[in-house]
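Fold and contact review
Spelled out from the first residue to the last, the chains are:
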Amino acid sequence: MNKVTTKESKKKHELYIQEEHIMKLSHACVSVICAAAISGSVSAEDKVLNIYNWSDYISPGAVKKFEKETGIKVNYDVYDSNEALEAKLMAGSSGYDLVFPSNSFFERQVKVGVYQEIDKSKLSNYHNIDQSLTDKIKNQDIGNKHNVPYTWGTVGIGYNVDMVKKRLGPNFKLDSLDVLFKPEVAAKLQDCGIAVLDSPSEVMSIVNNYIGEDPNSESLSDLKASAKVLASARPYYKYFHSSKYISDLANGDICVALGYNGDILQAKARAKEAGQGVNIAYSIPKEGTVMWFDLMAIPKDAPHPKAAMKYINYILRGDVAASLSNYIFYAVPNTAAMPMLDADVSENKGIYPTQAVKDKLFIQVAHTSKFDRSLTRTWSNIKTGR
Ligand code: N2P
């Protein structure tokens, strides 16, 4: 039972149900009916858009508004890991027109030719992009030819303030990854529940950084050392998952999560609105953590690339980007959106960190597939406690 039934989450739920319904309909629409629709006078290319985006990553009404403004029908599917997106892309013929990979995964996908070039001259709102941010990933896609950034953020510590205080003492400052990676600290929180992202490359790079190694290291001895750290705290974790922690934090079913900043802040908002006294906070670890960018990209075999371009240009609008950031609590690299942000969003240092904090963040680069295989094996051993 979902104990949190806020207005916002209900609205969002309705939106997803509707979107799911649309997707089911479109899957059902195979030959006869589709052929009829496609052969209509308006090119089908312009009238449908198949989006595959992260879960909990759009403001309610944004898709509907786009549909209303353009007459384009949007089919909206969601995932909660780069690995899930990559599997679909690598299998080919995904049917998706627009996807949202994180920069390090995108880098290797672009290298194997998964995406088409984006003609920036066709995007009238592209000038809104904050170049000082996108410069950070300019080496991952020379000339940023195949992507337009959607959001950026961090992986950090979400926690239930009262539950943690009760177990670690009123003066304990929860700004360190010790709470997750030091078994003697994690053990004290085992009973209230620790959740960790099921994201091998991000979590292992954070552990590497925590133990003073290069976060992007592909050395097997570094991997082994980081795996050892994680394995020693593993007995005190409740689960590994990349989206479930939002409702669990909001409901008080877990007390600590290593998760995505906006997801944790969404949990905080949901908990506040539910009014059950659950107080959630987010902290960027003092040891530093990953700074990721989620990018909009069009697969090479996208059936409706023109519609994808229209959606990208829509997201780039200052008002649309601002309402996105105001609702999902992730930062948008959009200069036109900045004055339209709610004060509690623009002033929230967990969303828009200070320069000093930003300087401690690292950018992940693509892993080679050879290293990735070792990483996947190691990760599954950690998860199963072997
Ligand atoms: C949305 C998570 C998006 C952040 N739920 C991952 N880059």
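How each quantity is defined
Residues numbered from 1 in each chain as written. Predicted model: local features only at pLDDT ≥ 70, side-chain atom pairs only at ≥ 80, totals over all residues. Heavy atoms only, no water. Salt bridge = Lys/Arg side-chain N within 4 Å of Asp/Glu carboxyl O. Helix = DSSP H or I, 4+ residues; strand = E, 2+ residues; numbered from the N terminus. Buried < 20%, exposed > 50% of the residue type's maximum accessible area, 1.4 Å probe, protein only. Phe/Tyr/Trp six-rings, centres within 6.5 Å; stacked < 30°, edge-to-face > 60°. Arc of directions from axis to C-beta. Contact = heavy atoms within 4.5 Å. Axes fitted to C-alpha atoms, helices over the stretch in contact; angles between N-to-C directions. Parallel < 35°, antiparallel > 145°, perpendicular 65-115°, else oblique. Disulfide = S-S within 2.5 Å. Near = heavy atom within 4 Å. Polar contact = N/O pair within 3.5 Å; in protein donor to acceptor, adjacent residues only side chain to side chain. Areas by Shrake-Rupley, 256 points an atom, 1.4 Å probe, with all protein chains shown as cover. 1 Å grid on protein atoms, 1.4 Å probe; cavity = no way out; pocket = protein on both sides within 12 Å on 5 of 7 lines; lining within 4 Å. Sits in = over half its atoms within 2 Å of the grid points. Nonpolar A, V, L, I, M, F, W, Y, C, P; charged D, E, K, R; others polar.

All told, the structure shown has 14 salt bridges when counted by the stated rule. Lysine 111 is the salt-bridge partner of glutamate 107, the closest N and O atoms lying 3.5 Å from each other. Of this pair, glutamate 107 and lysine 111 are both found in helix H6 (residues 103-111), 4 residues apart, which corresponds to roughly one turn of the helix. For glutamate 107, a relative accessible area of 10% translates into the label buried. Taking the relative accessible area as the measure of exposure, lysine 111 reaches 62% and is therefore exposed.

What follows is about the packing of aromatic side chains. The geometry of an aromatic ring pair is captured by two quantities: the separation of the ring centres and the angle between the planes. For the structure on display, the rule yields 17 aromatic pairs. Here tyrosine 237 and phenylalanine 240 contribute two aromatic rings whose centre-to-centre distance is 5.8 Å and whose plane-to-plane angle is 75°, an arrangement assigned as edge-to-face. An identical accessibility class is assigned to tyrosine 237 and phenylalanine 240; each is buried.

Right, let's talk about helix H5 (residues 82-91) for a bit. Of the positions making up H5, those classed as buried are Asn82, Leu85, Glu86 and Leu89. Along the axis of H5, the buried positions cluster into a sector of 100°, meaning they face one direction only. In the core, the buried residues of H5 are packed alongside strand S1 (48-54), strand S2 (73-79), strand S3 (98-99) and H6. Following H5 by one or two positions, glycine 92 has its phi on the positive side, about 80°.

Turning our attention to the packing of helix H11 (residues 200-210) against helix H19 (residues 369-384). Where H11 meets H19, the axes come as close as 10 Å, and the angle between the chain directions of the two elements is 85°. Viewed along their axes, H11 and H19 adopt a mutual orientation that is roughly perpendicular. On H19, the residues that touch Pro200, Ser201, Val203 and Met204 of H11 are Leu375, Thr378, Trp379 and Ile382.

Such a bond, covalent and formed between the sulfur atoms of two cysteines, is termed a disulfide. What the rule picks out here adds up to 1 disulfide. There is a disulfide in this structure between cysteine 192 and cysteine 255, and the S-S distance comes to 2.0 Å. Judged by the torsion about the S-S bond (65°), the cysteine 192/cysteine 255 disulfide is right-handed. Taken together, the positions of cysteine 192 in the loop between helix H10 (183-189) and strand S5 (194-196) and cysteine 255 in the loop between helix H13 (245-251) and strand S7 (256-260) put the pair 63 residues apart, joining distant regions of the chain. Residue classification places cysteine 192 among the buried residues on the basis of a relative accessible area of 6%. Owing to a relative accessible area of 0%, cysteine 255 belongs among the buried residues under this scheme.

Here we take up the environment of lysine 73. One can find lysine 73 in strand S2. It is 8.5 Å that separates the C-alpha atoms of lysine 73 and asparagine 50, two residues lying 23 residues apart in sequence.

Right, let's talk about the site of the ligand for a bit. In the vicinity of the ligand, the contacting residues are Trp54, Ser55, Tyr57, Ser102, Tyr260, Asp263, Trp292, Asp294 and Tyr330. In the environment of the ligand, a nitrogen atom lies 2.7 Å from a nitrogen or oxygen atom belonging to the backbone of serine 55. In the complex, the protein chains occlude 99% of the 260 Å² of accessible area that the ligand would expose alone. At a threshold of 2 Å from the grid points, most atoms of the ligand map onto the largest cavity. Along the lines of polarity and charge, the residues of the shell around the ligand split into 5 nonpolar, 2 polar and 2 charged.

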